Amino acid sequence: MQRRAPILILLAVGTLPLGGCVAGMAASAVGMAARGTRSPPTAMQASRAEVVKACSDRAAQGGAVHIIDVTQPTPRKMVVWGTVDDGKERRSFQCTYGSQITGFRLRAIKPMR
């Protein structure tokens, strides 16, 4: 009987960390199930070509447009980068598009030294 007591104590102490682990796994499973029921973010209604055209039209107010890159950092936003040249000066632009143009920045390009 005296030999059983240490074994039972060790067994009881050994199950404590496992109880926390099981609880953590259960919480993780509940979190995954909750995320699975959420609807995915709504994708943009405009196509890439429509976004590039809208941003190019906006940039064309400053001269000839050259598109450098188009990215989609989120399902609801695209960003278009490019340059505008009016014959005297070349500038860079960044155009942010959600359901319409939500941001437009035009910057001077500094000459290399």
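Caption draft 1: Expanded view of the environment of Val-70. Take Val-70: it is sitting in strand E1 (residues 64-74). Once the C-alpha coordinates of Val-70 and Val-52 are considered, the two residues, 18 residues apart in sequence, prove to be 7.8 Å apart. With residues near it in sequence (within four places) discarded, Val-70 still touches Arg-48, Val-52, Met-78, Val-79 and Val-80.

Caption draft 2: Main features of the state of the cysteines. Scanning the entire structure with this criterion turns up one disulfide. Disulfide pairing places Cys-55 opposite Cys-95 at an S-S distance of 2.1 Å. In this structure, the disulfide formed by Cys-55 and Cys-95 twists by about -70° around the S-S bond and is classed as left-handed. Here Cys-55, found in helix H2 (residues 48-59), pairs with Cys-95, found in strand E3 (residues 90-97); they are 40 residues apart in sequence, far enough to count as distant. A relative accessible area of 0% places Cys-55 in the buried class. Note on Cys-95: relative accessible area 0%, which makes it buried.

Definitions and cut-offs
- Along every chain, residues carry numbers that run from 1 in the direction the sequence is written.
- Residues qualify for local features only when their pLDDT is at least 70, as the model is predicted, and side-chain atom pairs are given and counted only at 80 or more; totals for whole chains, interfaces and linings, by contrast, use all residues.
- Side-chain metrics rest on all non-hydrogen atoms present in the structure, leaving aside hydrogens and water.
- Helix and strand assignments follow DSSP, with helices taken as H or I runs no shorter than four residues and strands as E runs no shorter than two, numbered in order from the N terminus.
- By definition in these notes, contact holds between two residues if any of their heavy atoms fall within 4.5 Å.
- Note on terminology: disulfide denotes any pair of cysteine sulfur atoms within 2.5 Å.
- Think of it in three bands: residues with accessible area under 20% of the maximum for their type are buried, residues over 50% are exposed, and the middle band is partly exposed, with areas taken using a 1.4 Å probe on protein chains only.

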